[in-house]
Amino acid sequence: MMKHLGILLGAAIVMAAPALAQNQAQPGRTTTNSGGATPGETSPGVRPPPPGPVPSAGQSNLDRLGQFRTTGTSMQIETVPQEGRRADALRRNLESIRLPEGFRIELFAVVPDARHIAIGPSSGVVFVGTRKQRVWAVTDRDRDRVADEVKVFAPSLQFSVPNGLCFSPDGILHIVEHNRVIAFPAAEFFYETPDVAAEIVVPQGGLIPAAEESFNHGARVCRIGPDNKLYISLGQPFNVPSPAKMEVFNQVGMAGIIRMDRSGQNREIYARGIRNSVGIAFRPNTAELWFTDNQVDGMGDDTPPGELNRITAANQNFGFPWYGGGTVRTNEYRSAQAPAETVPPVVETTPHAADLGLTFYEGRMFPEAYRGAIFSAQHGSWNRTTPIGARVMVTFLNADGTVREHKPFAEGWLDTETNEYLGRPVDVAMLRDGSLLVSDDMAGAIYRISYDRHR
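Residues numbered from 1 in each chain as written. Predicted model: local features only at pLDDT ≥ 70, side-chain atom pairs only at ≥ 80, totals over all residues. Heavy atoms only, no water.

1. Details of the environment of Ile274
Within the element layout of this structure, Ile274 appears in the loop between strand 13 (268-272) and strand 14 (280-282). For Ile274 and Thr292, which are 18 residues apart along the polypeptide, the C-alpha to C-alpha distance reads 9.2 Å. The residues touching Ile274, leaving out its near neighbours within four places in the chain, are Ala255, Gly256, Ile257, Phe291, Asp293, Phe318 and Phe320. (Helix = DSSP H or I, 4+ residues; strand = E, 2+ residues; numbered from the N terminus. Contact = heavy atoms within 4.5 Å.)

Structure, rendered in C-alpha coordinates:
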(Lines give C-alpha, C1' and ligand atoms only; values in the text may rest on other atoms or scores of the structure.)
Protein backbone atom coordinates (compact mmCIF):
# COMPACT_ATOMS: atom_id res chain seq x y z
CA MET A 1 0.00 0.00 0.00
CA MET A 2 1.33 3.43 -0.86
CA LYS A 3 2.75 5.45 2.00
CA HIS A 4 0.27 8.31 1.71
CA LEU A 5 -2.91 6.29 1.39
CA GLY A 6 -3.56 6.29 5.11
CA ILE A 7 -4.01 10.07 5.20
CA LEU A 8 -5.86 10.32 1.91
CA LEU A 9 -9.31 10.85 3.37
CA GLY A 10 -8.20 13.83 5.41
CA ALA A 11 -6.38 15.25 2.41
CA ALA A 12 -9.54 14.88 0.34
CA ILE A 13 -11.29 17.32 2.65
CA VAL A 14 -8.42 19.80 2.42
CA MET A 15 -8.29 19.60 -1.36
CA ALA A 16 -12.03 19.64 -1.90
CA ALA A 17 -12.61 22.88 0.02
CA PRO A 18 -10.57 25.24 -2.22
CA ALA A 19 -11.75 23.38 -5.30
CA LEU A 20 -15.35 23.96 -4.27
CA ALA A 21 -14.70 27.62 -3.62
CA GLN A 22 -13.08 28.01 -7.02
CA ASN A 23 -15.94 26.20 -8.68
CA GLN A 24 -18.42 28.57 -7.05
CA ALA A 25 -16.42 31.55 -8.27
CA GLN A 26 -16.35 30.10 -11.83
CA PRO A 27 -19.55 28.09 -12.22
CA GLY A 28 -19.88 25.53 -14.98
CA ARG A 29 -17.31 24.06 -17.30
CA THR A 30 -16.15 25.19 -20.69
CA THR A 31 -16.70 22.87 -23.63
CA THR A 32 -13.78 23.21 -25.99
CA ASN A 33 -12.87 21.71 -29.32
CA SER A 34 -9.14 21.27 -28.79
CA GLY A 35 -7.81 24.31 -30.59
CA GLY A 36 -10.51 24.85 -33.15
CA ALA A 37 -10.99 21.24 -34.26
CA THR A 38 -14.37 19.86 -35.24
CA PRO A 39 -16.32 18.84 -32.10
CA GLY A 40 -15.02 15.53 -30.82
CA GLU A 41 -11.84 15.68 -32.87
CA THR A 42 -8.29 16.64 -31.92
CA SER A 43 -6.75 19.75 -33.40
CA PRO A 44 -4.24 19.10 -36.21
CA GLY A 45 -1.88 21.29 -34.23
CA VAL A 46 -1.71 18.79 -31.35
CA ARG A 47 1.43 16.65 -31.61
CA PRO A 48 2.79 13.82 -29.47
CA PRO A 49 5.15 15.08 -26.76
CA PRO A 50 8.90 14.81 -27.34
CA PRO A 51 10.81 12.07 -25.53
CA GLY A 52 12.71 12.86 -22.38
CA PRO A 53 11.86 14.31 -18.98
CA VAL A 54 8.50 15.92 -18.38
CA PRO A 55 8.88 19.75 -18.13
CA SER A 56 9.68 21.10 -14.70
CA ALA A 57 6.30 22.83 -14.35
CA GLY A 58 4.52 19.50 -14.63
CA GLN A 59 6.92 17.96 -12.16
CA SER A 60 6.21 20.77 -9.71
CA ASN A 61 2.50 20.09 -9.93
CA LEU A 62 3.10 16.37 -9.43
CA ASP A 63 5.09 17.15 -6.29
CA ARG A 64 2.24 19.28 -4.98
CA LEU A 65 -0.34 16.59 -5.69
CA GLY A 66 1.84 14.08 -3.87
CA GLN A 67 1.65 16.36 -0.84
CA PHE A 68 -2.15 16.74 -1.23
CA ARG A 69 -1.80 20.42 -2.11
CA THR A 70 -3.70 22.34 -4.78
CA THR A 71 -1.97 23.53 -7.95
CA GLY A 72 -4.13 26.50 -8.87
CA THR A 73 -5.20 24.88 -12.12
CA SER A 74 -8.44 26.31 -13.50
CA MET A 75 -11.69 24.51 -12.83
CA GLN A 76 -12.59 25.09 -16.47
CA ILE A 77 -11.79 21.52 -17.48
CA GLU A 78 -11.81 20.71 -21.18
CA THR A 79 -14.73 18.53 -22.24
CA VAL A 80 -15.58 16.81 -25.53
CA PRO A 81 -18.94 17.35 -27.25
CA GLN A 82 -20.97 14.15 -27.40
CA GLU A 83 -23.39 15.20 -30.11
CA GLY A 84 -23.01 16.82 -33.53
CA ARG A 85 -21.58 15.94 -36.92
CA ARG A 86 -18.77 13.76 -35.56
CA ALA A 87 -21.02 11.66 -33.35
CA ASP A 88 -23.56 11.26 -36.14
CA ALA A 89 -20.85 10.05 -38.54
CA LEU A 90 -19.61 7.50 -36.00
CA ARG A 91 -23.12 6.12 -35.57
CA ARG A 92 -23.49 5.77 -39.34
CA ASN A 93 -20.18 3.90 -39.52
CA LEU A 94 -21.43 1.41 -36.94
CA GLU A 95 -24.17 0.35 -39.34
CA SER A 96 -21.44 -1.50 -41.25
CA ILE A 97 -20.31 -3.60 -38.29
CA ARG A 98 -21.18 -7.30 -38.44
CA LEU A 99 -21.83 -9.20 -35.19
CA PRO A 100 -23.23 -12.62 -34.25
CA GLU A 101 -27.00 -12.81 -34.00
CA GLY A 102 -28.46 -11.11 -30.93
CA PHE A 103 -25.57 -8.66 -30.48
CA ARG A 104 -25.64 -4.94 -31.21
CA ILE A 105 -23.07 -2.17 -31.23
CA GLU A 106 -23.66 1.47 -30.36
CA LEU A 107 -21.64 4.61 -29.79
CA PHE A 108 -20.81 4.91 -26.09
CA ALA A 109 -18.65 8.02 -26.20
CA VAL A 110 -16.70 10.37 -28.45
CA VAL A 111 -13.15 10.15 -27.02
CA PRO A 112 -10.29 11.62 -29.09
CA ASP A 113 -7.34 9.25 -29.61
CA ALA A 114 -8.97 6.60 -27.37
CA ARG A 115 -6.56 3.80 -26.49
CA HIS A 116 -6.51 1.57 -23.41
CA ILE A 117 -9.39 1.47 -20.96
CA ALA A 118 -9.64 1.09 -17.18
CA ILE A 119 -13.04 1.03 -15.49
CA GLY A 120 -13.35 2.29 -11.94
CA PRO A 121 -14.38 -0.57 -9.61
CA SER A 122 -16.39 1.75 -7.37
CA SER A 123 -17.99 4.36 -9.63
CA GLY A 124 -17.87 2.73 -13.04
CA VAL A 125 -16.18 5.83 -14.48
CA VAL A 126 -14.28 4.85 -17.63
CA PHE A 127 -10.71 6.14 -17.78
CA VAL A 128 -9.11 6.17 -21.23
CA GLY A 129 -5.46 6.58 -22.16
CA THR A 130 -3.94 7.99 -25.34
CA ARG A 131 -0.62 7.94 -27.14
CA LYS A 132 -0.44 11.72 -26.83
CA GLN A 133 -0.72 13.82 -23.66
CA ARG A 134 -4.24 13.39 -22.37
CA VAL A 135 -6.09 10.90 -20.22
CA TRP A 136 -9.89 11.08 -20.40
CA ALA A 137 -12.57 10.44 -17.77
CA VAL A 138 -15.84 9.19 -19.27
CA THR A 139 -18.97 9.37 -17.12
CA ASP A 140 -22.40 7.82 -17.70
CA ARG A 141 -24.27 9.67 -14.97
CA ASP A 142 -27.77 8.37 -15.69
CA ARG A 143 -26.68 4.77 -16.38
CA ASP A 144 -28.35 4.63 -19.79
CA ARG A 145 -25.12 3.10 -21.17
CA VAL A 146 -24.26 6.21 -23.17
CA ALA A 147 -21.66 8.68 -21.89
CA ASP A 148 -22.95 12.01 -20.61
CA GLU A 149 -19.55 13.63 -20.17
CA VAL A 150 -16.01 13.16 -21.46
CA LYS A 151 -13.37 15.41 -19.93
CA VAL A 152 -9.65 15.59 -19.30
CA PHE A 153 -8.43 13.68 -16.26
CA ALA A 154 -5.82 15.34 -14.01
CA PRO A 155 -5.34 18.43 -16.22
CA SER A 156 -2.84 19.88 -13.77
CA LEU A 157 -0.35 17.22 -14.94
CA GLN A 158 1.45 16.84 -18.25
CA PHE A 159 1.57 13.25 -19.43
CA SER A 160 3.82 11.71 -22.08
CA VAL A 161 2.18 8.81 -23.96
CA PRO A 162 -0.17 7.77 -21.11
CA ASN A 163 -1.35 4.69 -22.99
CA GLY A 164 -1.50 2.08 -20.24
CA LEU A 165 -4.13 2.26 -17.49
CA CYS A 166 -5.05 -0.35 -14.91
CA PHE A 167 -6.91 -0.44 -11.59
CA SER A 168 -5.93 -2.40 -8.51
CA PRO A 169 -8.71 -4.30 -6.69
CA ASP A 170 -8.72 -1.61 -4.00
CA GLY A 171 -9.40 1.14 -6.52
CA ILE A 172 -5.99 2.70 -7.22
CA LEU A 173 -5.54 3.80 -10.82
CA HIS A 174 -2.09 3.26 -12.33
CA ILE A 175 -1.08 5.18 -15.44
CA VAL A 176 1.96 3.90 -17.32
CA GLU A 177 3.52 6.49 -19.60
CA HIS A 178 6.38 6.01 -22.01
CA ASN A 179 8.94 6.25 -19.23
CA ARG A 180 7.12 6.88 -15.95
CA VAL A 181 4.42 5.32 -13.75
CA ILE A 182 2.03 7.33 -11.57
CA ALA A 183 -0.59 5.96 -9.16
CA PHE A 184 -3.80 7.83 -8.32
CA PRO A 185 -5.09 6.48 -4.98
CA ALA A 186 -8.55 8.04 -5.33
CA ALA A 187 -9.03 8.75 -9.02
CA GLU A 188 -12.74 7.97 -8.79
CA PHE A 189 -13.14 10.50 -5.99
CA PHE A 190 -11.03 13.38 -7.37
CA TYR A 191 -11.60 13.08 -11.10
CA GLU A 192 -14.22 15.87 -11.09
CA THR A 193 -11.53 18.44 -10.19
CA PRO A 194 -8.20 19.35 -11.81
CA ASP A 195 -6.19 18.30 -8.76
CA VAL A 196 -6.02 14.54 -8.26
CA ALA A 197 -4.08 12.88 -5.44
CA ALA A 198 -1.05 11.26 -7.06
CA GLU A 199 2.03 9.31 -6.15
CA ILE A 200 5.07 8.42 -8.25
CA VAL A 201 5.61 4.67 -8.59
CA VAL A 202 8.42 4.87 -11.15
CA PRO A 203 9.94 8.34 -11.69
CA GLN A 204 10.51 9.86 -15.11
CA GLY A 205 13.35 7.96 -16.79
CA GLY A 206 13.01 4.97 -14.48
CA LEU A 207 11.24 2.46 -16.72
CA ILE A 208 13.87 2.36 -19.45
CA PRO A 209 17.21 4.14 -20.00
CA ALA A 210 16.69 7.61 -21.48
CA ALA A 211 18.96 6.63 -24.38
CA GLU A 212 16.44 3.93 -25.37
CA GLU A 213 13.41 6.23 -25.51
CA SER A 214 11.75 6.23 -28.92
CA PHE A 215 8.54 7.23 -30.68
CA ASN A 216 8.30 3.62 -31.91
CA HIS A 217 6.76 0.86 -29.77
CA GLY A 218 6.63 3.16 -26.75
CA ALA A 219 2.99 2.61 -25.71
CA ARG A 220 2.93 0.59 -22.48
CA VAL A 221 0.14 -1.49 -20.92
CA CYS A 222 -0.25 -2.74 -17.35
CA ARG A 223 -2.18 -5.09 -15.07
CA ILE A 224 -2.25 -5.83 -11.35
CA GLY A 225 -1.65 -9.55 -10.87
CA PRO A 226 -3.20 -12.00 -8.40
CA ASP A 227 0.06 -11.62 -6.45
CA ASN A 228 -0.79 -7.89 -6.02
CA LYS A 229 2.20 -6.89 -8.15
CA LEU A 230 2.24 -4.42 -11.03
CA TYR A 231 2.97 -5.96 -14.44
CA ILE A 232 4.13 -3.74 -17.33
CA SER A 233 4.99 -4.61 -20.93
CA LEU A 234 8.09 -2.91 -22.34
CA GLY A 235 8.19 -3.01 -26.11
CA GLN A 236 11.54 -2.42 -27.80
CA PRO A 237 11.78 0.25 -30.52
CA PHE A 238 13.27 -1.68 -33.43
CA ASN A 239 11.78 -3.92 -36.08
CA VAL A 240 14.58 -6.38 -35.26
CA PRO A 241 17.29 -5.14 -32.84
CA SER A 242 20.98 -5.92 -33.06
CA PRO A 243 22.59 -8.34 -30.58
CA ALA A 244 24.25 -5.37 -28.84
CA LYS A 245 20.86 -3.75 -28.29
CA MET A 246 19.41 -7.02 -27.02
CA GLU A 247 22.12 -7.08 -24.36
CA VAL A 248 20.94 -3.69 -23.12
CA PHE A 249 17.26 -4.65 -23.35
CA ASN A 250 17.80 -7.85 -21.38
CA GLN A 251 19.25 -5.85 -18.51
CA VAL A 252 16.13 -3.72 -18.01
CA GLY A 253 13.38 -5.98 -19.37
CA MET A 254 12.71 -4.30 -22.69
CA ALA A 255 11.38 -6.76 -25.29
CA GLY A 256 9.61 -8.33 -22.35
CA ILE A 257 7.28 -7.90 -19.40
CA ILE A 258 8.45 -6.71 -16.00
CA ARG A 259 6.77 -6.83 -12.61
CA MET A 260 7.28 -4.95 -9.35
CA ASP A 261 5.61 -4.20 -6.06
CA ARG A 262 2.89 -1.60 -6.36
CA SER A 263 5.24 0.77 -4.56
CA GLY A 264 7.74 0.39 -7.42
CA GLN A 265 10.14 -1.71 -5.35
CA ASN A 266 11.52 -5.20 -6.11
CA ARG A 267 11.43 -4.86 -9.87
CA GLU A 268 12.19 -7.99 -11.86
CA ILE A 269 11.96 -9.29 -15.41
CA TYR A 270 8.96 -11.60 -15.68
CA ALA A 271 9.08 -12.70 -19.34
CA ARG A 272 11.43 -12.22 -22.29
CA GLY A 273 11.44 -12.61 -26.05
CA ILE A 274 8.47 -10.32 -26.70
CA ARG A 275 8.76 -7.87 -29.60
CA ASN A 276 6.03 -5.38 -28.64
CA SER A 277 3.05 -6.41 -26.55
CA VAL A 278 0.24 -3.85 -26.28
CA GLY A 279 -2.24 -6.14 -24.56
CA ILE A 280 -1.93 -8.21 -21.38
CA ALA A 281 -4.54 -9.80 -19.10
CA PHE A 282 -4.66 -12.42 -16.36
CA ARG A 283 -6.89 -15.42 -16.86
CA PRO A 284 -9.45 -15.31 -14.01
CA ASN A 285 -8.77 -17.55 -11.01
CA THR A 286 -5.28 -18.40 -12.27
CA ALA A 287 -1.80 -16.89 -12.29
CA GLU A 288 -1.62 -17.14 -16.09
CA LEU A 289 -0.77 -13.89 -17.86
CA TRP A 290 -1.92 -13.85 -21.48
CA PHE A 291 -0.62 -11.32 -23.99
CA THR A 292 -0.68 -10.34 -27.63
CA ASP A 293 2.52 -9.67 -29.57
CA ASN A 294 3.10 -7.89 -32.86
CA GLN A 295 5.20 -9.61 -35.49
CA VAL A 296 8.21 -8.42 -37.47
CA ASP A 297 7.51 -6.21 -40.49
CA GLY A 298 9.08 -6.35 -43.93
CA MET A 299 9.03 -10.12 -44.45
CA GLY A 300 5.99 -10.20 -46.73
CA ASP A 301 2.25 -9.62 -46.66
CA ASP A 302 1.41 -13.04 -45.30
CA THR A 303 4.26 -13.76 -42.93
CA PRO A 304 5.08 -13.93 -40.09
CA PRO A 305 1.91 -14.35 -38.00
CA GLY A 306 0.92 -12.29 -35.00
CA GLU A 307 0.66 -13.97 -31.62
CA LEU A 308 -1.57 -14.71 -28.67
CA ASN A 309 0.58 -16.07 -25.85
CA ARG A 310 0.14 -17.68 -22.44
CA ILE A 311 2.64 -17.27 -19.60
CA THR A 312 2.41 -20.13 -17.12
CA ALA A 313 5.56 -19.41 -15.07
CA ALA A 314 8.09 -16.64 -14.52
CA ASN A 315 11.17 -16.31 -16.75
CA GLN A 316 9.69 -17.89 -19.86
CA ASN A 317 11.13 -16.83 -23.22
CA PHE A 318 8.83 -16.29 -26.22
CA GLY A 319 11.44 -16.31 -28.96
CA PHE A 320 12.03 -12.78 -30.23
CA PRO A 321 14.32 -11.75 -31.97
CA TRP A 322 15.12 -15.26 -33.20
CA TYR A 323 11.51 -15.68 -34.24
CA GLY A 324 9.63 -12.89 -35.98
CA GLY A 325 6.21 -14.31 -35.17
CA GLY A 326 5.04 -17.86 -34.55
CA THR A 327 7.75 -20.27 -35.68
CA VAL A 328 9.04 -18.04 -38.51
CA ARG A 329 12.72 -17.22 -38.10
CA THR A 330 13.90 -13.65 -38.67
CA ASN A 331 16.42 -12.99 -41.43
CA GLU A 332 18.75 -11.23 -39.00
CA TYR A 333 18.91 -14.17 -36.55
CA ARG A 334 18.31 -17.07 -38.92
CA SER A 335 21.73 -18.60 -38.35
CA ALA A 336 21.79 -17.91 -34.59
CA GLN A 337 20.84 -20.59 -32.10
CA ALA A 338 17.42 -19.84 -30.62
CA PRO A 339 16.83 -20.52 -26.92
CA ALA A 340 15.89 -24.16 -26.44
CA GLU A 341 13.18 -23.21 -23.97
CA THR A 342 11.31 -20.90 -26.40
CA VAL A 343 7.56 -20.99 -25.78
CA PRO A 344 5.46 -20.91 -28.99
CA PRO A 345 2.24 -18.87 -29.17
CA VAL A 346 -1.06 -20.56 -28.34
CA VAL A 347 -2.59 -18.88 -31.40
CA GLU A 348 -0.85 -17.72 -34.56
CA THR A 349 -3.00 -14.77 -35.57
CA THR A 350 -3.49 -13.11 -38.96
CA PRO A 351 -0.18 -11.63 -40.19
CA HIS A 352 0.05 -7.85 -39.74
CA ALA A 353 -3.47 -7.48 -38.32
CA ALA A 354 -1.84 -5.87 -35.24
CA ASP A 355 -3.35 -7.62 -32.21
CA LEU A 356 -3.55 -5.20 -29.27
CA GLY A 357 -5.75 -5.09 -26.15
CA LEU A 358 -7.50 -8.14 -24.71
CA THR A 359 -9.76 -9.10 -21.83
CA PHE A 360 -11.32 -12.25 -20.42
CA TYR A 361 -15.10 -12.18 -20.41
CA GLU A 362 -16.54 -12.66 -16.92
CA GLY A 363 -19.98 -11.13 -17.41
CA ARG A 364 -23.41 -12.68 -17.61
CA MET A 365 -25.03 -10.61 -20.35
CA PHE A 366 -23.54 -12.63 -23.22
CA PRO A 367 -24.53 -16.27 -23.82
CA GLU A 368 -22.93 -18.89 -21.58
CA ALA A 369 -20.56 -19.99 -24.36
CA TYR A 370 -18.70 -16.69 -24.04
CA ARG A 371 -17.96 -17.07 -20.31
CA GLY A 372 -14.18 -17.20 -19.90
CA ALA A 373 -13.51 -16.41 -23.57
CA ILE A 374 -10.94 -13.84 -24.65
CA PHE A 375 -12.00 -10.76 -26.57
CA SER A 376 -9.13 -8.99 -28.33
CA ALA A 377 -8.76 -6.03 -30.67
CA GLN A 378 -7.01 -6.09 -34.02
CA HIS A 379 -5.88 -2.58 -34.87
CA GLY A 380 -5.38 -3.33 -38.57
CA SER A 381 -2.32 -3.46 -40.81
CA TRP A 382 -0.34 -0.33 -41.59
CA ASN A 383 1.98 -1.42 -44.42
CA ARG A 384 0.36 -4.50 -45.96
CA THR A 385 -0.35 -4.33 -49.71
CA THR A 386 -4.01 -5.08 -49.00
CA PRO A 387 -5.11 -3.91 -45.54
CA ILE A 388 -6.40 -6.48 -43.09
CA GLY A 389 -7.72 -6.54 -39.54
CA ALA A 390 -9.60 -3.71 -37.81
CA ARG A 391 -11.94 -6.01 -35.90
CA VAL A 392 -12.62 -7.63 -32.54
CA MET A 393 -11.69 -11.29 -32.21
CA VAL A 394 -12.97 -13.92 -29.79
CA THR A 395 -10.92 -16.88 -28.55
CA PHE A 396 -12.75 -19.76 -26.87
CA LEU A 397 -10.81 -21.84 -24.33
CA ASN A 398 -11.13 -25.35 -22.99
CA ALA A 399 -11.33 -25.94 -19.25
CA ASP A 400 -7.56 -26.52 -19.07
CA GLY A 401 -6.81 -23.20 -20.76
CA THR A 402 -5.98 -24.60 -24.18
CA VAL A 403 -7.49 -22.86 -27.19
CA ARG A 404 -10.59 -24.36 -28.81
CA GLU A 405 -11.38 -21.71 -31.42
CA HIS A 406 -10.20 -18.26 -32.53
CA LYS A 407 -12.37 -16.26 -34.90
CA PRO A 408 -13.76 -12.78 -35.72
CA PHE A 409 -16.50 -11.45 -33.44
CA ALA A 410 -17.09 -7.88 -34.64
CA GLU A 411 -15.85 -6.75 -38.04
CA GLY A 412 -16.59 -4.17 -40.70
CA TRP A 413 -14.35 -1.25 -39.73
CA LEU A 414 -12.35 -2.01 -42.89
CA ASP A 415 -14.15 -1.18 -46.14
CA THR A 416 -13.06 -4.01 -48.43
CA GLU A 417 -14.15 -2.14 -51.55
CA THR A 418 -12.10 1.01 -50.95
CA ASN A 419 -9.53 -0.45 -48.50
CA GLU A 420 -10.29 2.43 -46.15
CA TYR A 421 -10.53 2.15 -42.38
CA LEU A 422 -13.72 3.41 -40.76
CA GLY A 423 -12.06 2.80 -37.42
CA ARG A 424 -9.20 0.91 -35.77
CA PRO A 425 -10.01 -0.97 -32.54
CA VAL A 426 -7.40 -0.79 -29.79
CA ASP A 427 -8.71 -2.20 -26.51
CA VAL A 428 -11.66 -4.08 -25.01
CA ALA A 429 -13.06 -3.88 -21.49
CA MET A 430 -16.20 -5.10 -19.73
CA LEU A 431 -18.76 -2.87 -18.03
CA ARG A 432 -20.49 -4.10 -14.88
CA ASP A 433 -23.63 -5.01 -16.81
CA GLY A 434 -21.61 -7.46 -18.90
CA SER A 435 -21.52 -5.38 -22.06
CA LEU A 436 -18.21 -4.85 -23.85
CA LEU A 437 -16.47 -1.54 -24.54
CA VAL A 438 -14.21 -1.19 -27.58
CA SER A 439 -11.86 1.78 -28.01
CA ASP A 440 -10.92 3.20 -31.41
CA ASP A 441 -8.02 5.66 -31.66
CA MET A 442 -8.49 6.47 -35.33
CA ALA A 443 -12.18 7.40 -35.12
CA GLY A 444 -11.75 8.78 -31.61
CA ALA A 445 -14.53 6.78 -30.01
CA ILE A 446 -15.59 4.08 -27.60
CA TYR A 447 -18.29 1.64 -28.69
CA ARG A 448 -20.51 -0.57 -26.57
CA ILE A 449 -21.46 -4.10 -27.62
CA SER A 450 -24.47 -5.60 -25.86
CA TYR A 451 -26.60 -8.72 -26.21
CA ASP A 452 -30.37 -9.08 -26.17
CA ARG A 453 -31.49 -12.68 -25.98
CA HIS A 454 -34.99 -11.60 -27.02
CA ARG A 455 -33.97 -10.00 -30.31
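Next comes the rest of the account.
2. Examining the sheet that holds strand 11 (residues 229-234)
Two pairing modes exist for strands in a sheet, parallel and antiparallel, and in both the strands are linked by backbone hydrogen bonds. Within the open sheet, the five strands sit side by side as 10-11-12-13-17. Their pairing is mixed. With one partner strand each, in any of the chains shown, strand 10 (222-224) and strand 17 (316-317) form the two edges of the open sheet. Taken together, the three bridges between strand 10 and strand 11 define a ladder with antiparallel strand orientation. For Arg223, the partnering residue across the bridge sits in strand 11 and is Tyr231. The strands touched by helix 5 (residues 243-252) within the sheet are strand 11, strand 12 (256-261) and strand 13, with strand 13 carrying the most contacts at an inclination of about 125°. (Pairing = 2+ DSSP bridges. Axes fitted to C-alpha atoms, helices over the stretch in contact; angles between N-to-C directions.)

3. Some thoughts on the environment of Arg334
Inspection of the secondary structure assignment puts Arg334 in the loop between strand 19 (328-329) and strand 20 (347-349). The sequence separation of Arg334 and Trp322 amounts to twelve residues, and the corresponding C-alpha distance is 6.8 Å.

4. What about the packing of aromatic side chains?
Tallied over the entire structure, the rule returns 26 aromatic pairs. With a centroid separation of 6.1 Å and 70° between ring planes, the pair formed by Trp322 and Tyr333 is classed as edge-to-face. Linking Trp322 in the loop between strand 17 and strand 18 (323-325) with Tyr333 in the loop between strand 19 and strand 20, this pair joins segments that are eleven residues apart in sequence. The burial state of Trp322 is the same as that of Tyr333; both residues are buried. (Phe/Tyr/Trp six-rings, centres within 6.5 Å; stacked < 30°, edge-to-face > 60°. Buried < 20%, exposed > 50% of the residue type's maximum accessible area, 1.4 Å probe, protein only.)

5. Considerations on the pairing of strand 28 (residues 436-440)
Burial analysis of strand 28 places five of its five residues in the buried class, the great majority of the element. Neither face of strand 28 is exposed, since Leu436, Val438 and Asp440 on one face and Leu437 and Ser439 on the opposite face are all buried. Pairing of strand 27 (residues 425-430) with strand 28 involves four bridges; the strand directions are antiparallel. Note on strand 28: the bridge partner recorded for Met430 is Leu436. Taking the residues between adjacent antiparallel strands as the criterion, strand 27 and strand 28 are bridged by five residues, where Gly434 takes a positive phi near 95°. Across five bridges, strand 28 lies against strand 29 (residues 445-451) in antiparallel orientation. Looking at the pairing, Leu437 lines up with Arg448 of strand 29. With antiparallel pairing between neighbouring strands as the criterion, strand 28 and strand 29 make up a hairpin whose turn holds four residues, including Gly444 at a positive phi of roughly 70°.

6. Section: the pairing of strand 23 (residues 391-397)
In terms of burial, strand 23 is largely enclosed, as seven of its seven residues are buried. Neither face of strand 23 is exposed, since Arg391, Met393, Thr395 and Leu397 on one face and Val392, Val394 and Phe396 on the opposite face are all buried. Sheet topology places strand 22 (residues 374-378) next to strand 23; five bridges connect them, and they run antiparallel. Pairing of Ile374 across the sheet is with Thr395, part of strand 23. As paired strands, strand 23 and strand 24 (residues 403-411) are joined by seven bridges and run antiparallel to one another. Of the residues in strand 24, the one forming a bridge with Arg391 is Glu411. Hairpin connection from strand 23 to strand 24: five residues lie between these consecutive antiparallel strands, with Gly401 at a positive phi of about 90°.

7. Thoughts on the sheet that holds strand 4 (residues 136-139)
Read across the open sheet, the four strands follow the order 2-3-4-5; overall the sheet is antiparallel. Among the strands making up the open sheet, the edge pair consists of strand 2 (117-119) and strand 5 (149-152). In this sheet, neighbouring strand axes are inclined to one another by 25° on average, regardless of whether the strands run parallel or antiparallel. When strand 3 (residues 126-128) meets strand 4, the two strands line up antiparallel, connected through three bridges. Opposite Val128, over in strand 4, you have Trp136 as the bridge partner.

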